[in-house]
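Each chain, written out:
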Amino acid sequence: MQYDIKDIKLAKKGLLRIEWASNNMPVLNLIKDRFAKEKPLKGLKIAACLHVTTETGVLAEVLKAGGAEVSVCASNPLSTQDDVAASLAKNLKISVFAIKGEDTKTYYSHMSSALAIKPNITMDDGADLVSTIHQVDRKVYSNIIGGTEETTTGVIRLRALANQGKLRYPIIAVNDAQTKHLFDNRYGTGQSTLDGVIRATNKLIAGSNLVVCGYGWCGKGVAMRAKGMGAKVIVTEIDPLRGLEATMDGFEVMPIAQAAKIGDIFVTVTGDINVIRGEHFAQMKDGAIVSNSGHFNVEIDIPALEKLSKAKKQIRDFTDEYILKDGRKIYLLGEGRLINLAAAEGHPAQVMDMSFANQSLGAEYMLKKYKTLKNHVYKVPEEIDANIADLKLKSMGIKIDVLTKEQKEYLASWEMGT
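The structure presented is a predicted model; accordingly, all values stated were derived computationally and were not measured. (Residues numbered from 1 in each chain as written. Predicted model: local features only at pLDDT ≥ 70, side-chain atom pairs only at ≥ 80, totals over all residues. Heavy atoms only, no water.)

Under the counting rule described, the total for this entry stands at zero disulfides. Here C49 stays unpaired: no disulfide links it, and the sulfur of C73, its closest cysteine neighbor, is 3.8 Å away. The structure places no disulfide on C218, whose sulfur is separated from the nearest cysteine sulfur, that of C213, by 13 Å. (Disulfide = S-S within 2.5 Å.)

Shown next as structure tokens:
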């Protein structure tokens, strides 16, 4: 067991916080109990490139309980919780390489360290780990049988890799599970993004013009929560169906060039590059706040903002003040990285319970089925998705109906009409 972390003395605090998260992750704990008895992952080596948060700490426990050797590194330079990293190393005896605020060189060095165990399965959040693997000789990681991918951005990258015929092993798109994107992306991102904005700025959301760039599941969550807090929500989109949906949901929809002139707070959640550009900064109000909740810090054209500025200073933790040449001030949060993890704690444990249940069961499924799978990106099997939803309902004390024999026969027939 090796590690590179900020301070091993933070382990006690991290252990308590992981315990708190575990108390709110009943589905993952049920899986952990079964894994501890059956050891379905015995002998498996897993390299996990994830946000090193309390919930990831619980996932690491589950994988280890299942018999796996686990190595962990950060999937974003600002998302690591240093006390959790310390606890993984000291209390769980798991190799971990993650320091909040690490530079790009260290970030990729940590990835290489995590891969030193020569994994059989990769767990990725954003596909940086898989990308790194695909840039070296195929023989170096010839023992990899498959992987899982946590987030939308990563799935997009991996599908592009598969479409080019270059993906070296099968991947399960955890993000595409309904128990992931319908809850994690919508409720998790929605709440944690605003939490990050508020922690970084202590600004009042109510009464503000809050611009959400992108109306996918994450954008829907941010818009929903911002509306609930009293914001006047504006949505920008490039997809006509999503633009129409946002309109029908009661939000004002307009191009970013128009929204730039009236927005007070901006949140990008598109997964694409340069959504907010120099021409938009040039139109913004004095005091506009700009943030990103997409996986990579590419959605905001930071070099363009720097070019327009005559001075810059960090005025609060995770808040950089850019003074433009005409004297206006624009505030960039979290260096343009995921604000919900840079300035806050990421998604609540209750939603990560389902996301990481998909990760753990996805690893088990991959071990059982990899010989029959091609080098494609696969969806989480429906039976796993449904099982996780069922376990979550039971953990909440909620019961639902079951079909009667008559109803099953009706749904399976074509003869019965009006």
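Don't stop here, the text continues.
It is worth spelling out the pairing of strand β9 (residues 232-236) at this point. Among the five residues in β9, four count as buried, and that is most of the element. Taken together, strand β8 (residues 209-213), helix α9 (residues 217-228) and β9 form a β-α-β motif whose crossover is right-handed. In this structure, β9 lies alongside strand β10 (residues 252-253), joined through two bridges in parallel fashion. The residue of β10 that forms the bridge with V235 is V253. Read from β9 through helix α10 (residues 240-248) to β10, the crossover connection turns out right-handed. (Buried < 20%, exposed > 50% of the residue type's maximum accessible area, 1.4 Å probe, protein only. Helix = DSSP H or I, 4+ residues; strand = E, 2+ residues; numbered from the N terminus. Right-handed = clockwise from strand over helix to strand, strands pointing away. Pairing = 2+ DSSP bridges.)

Turning next to the nonpolar core. Counting residues in each nonpolar core, the largest one holds 50 residues, and the members touching the most others are M25, L28, I31, I46, V52, L88 and V96. In terms of residue count, helix α15 (residues 349-369) provides more of this core than any other element does, eight residues in total. Once residues lying within four places of it in the same chain are set aside, the contact partners of L28 are V58, L59, V62, D353, F356, A357 and S360. I205, A231, V233 and V235 belong to the second largest nonpolar core, which has 24 residues in total. (Core = buried A, V, L, I, M, F, W, Y, C linked by side-chain atoms within 4.5 Å. Contact = heavy atoms within 4.5 Å.)

Right, let's talk about helix α8 (residues 178-201) for a bit. Here α8 spans 33 Å end to end across 24 residues, near enough to the 34 Å set by a 1.5 Å rise per residue. Maximum bend of α8: about 35 degrees, positioned at D184. Where burial is concerned, most of α8 is hidden: 17 out of the 24 residues are buried. Where α8 terminates, the next one or two residues include N202, which has phi positive at roughly 55 degrees. (Expected span 1.5 Å × (residues − 1). Bend = angle between axes of the 7 residues up to and from the residue.)

The mixed open sheet is built from eight strands, whose spatial order is β10-β9-β8-β11-β12-β15-β14-β13. Both edges of this open sheet fall to β10 and β13 (309-316), since each of them pairs with a single strand only. Bridge analysis of strand β14 (residues 319-324) against strand β15 (residues 329-333) gives five bridges, and the strand direction is antiparallel. Paired with D320 across the two strands is L332, which belongs to β15.

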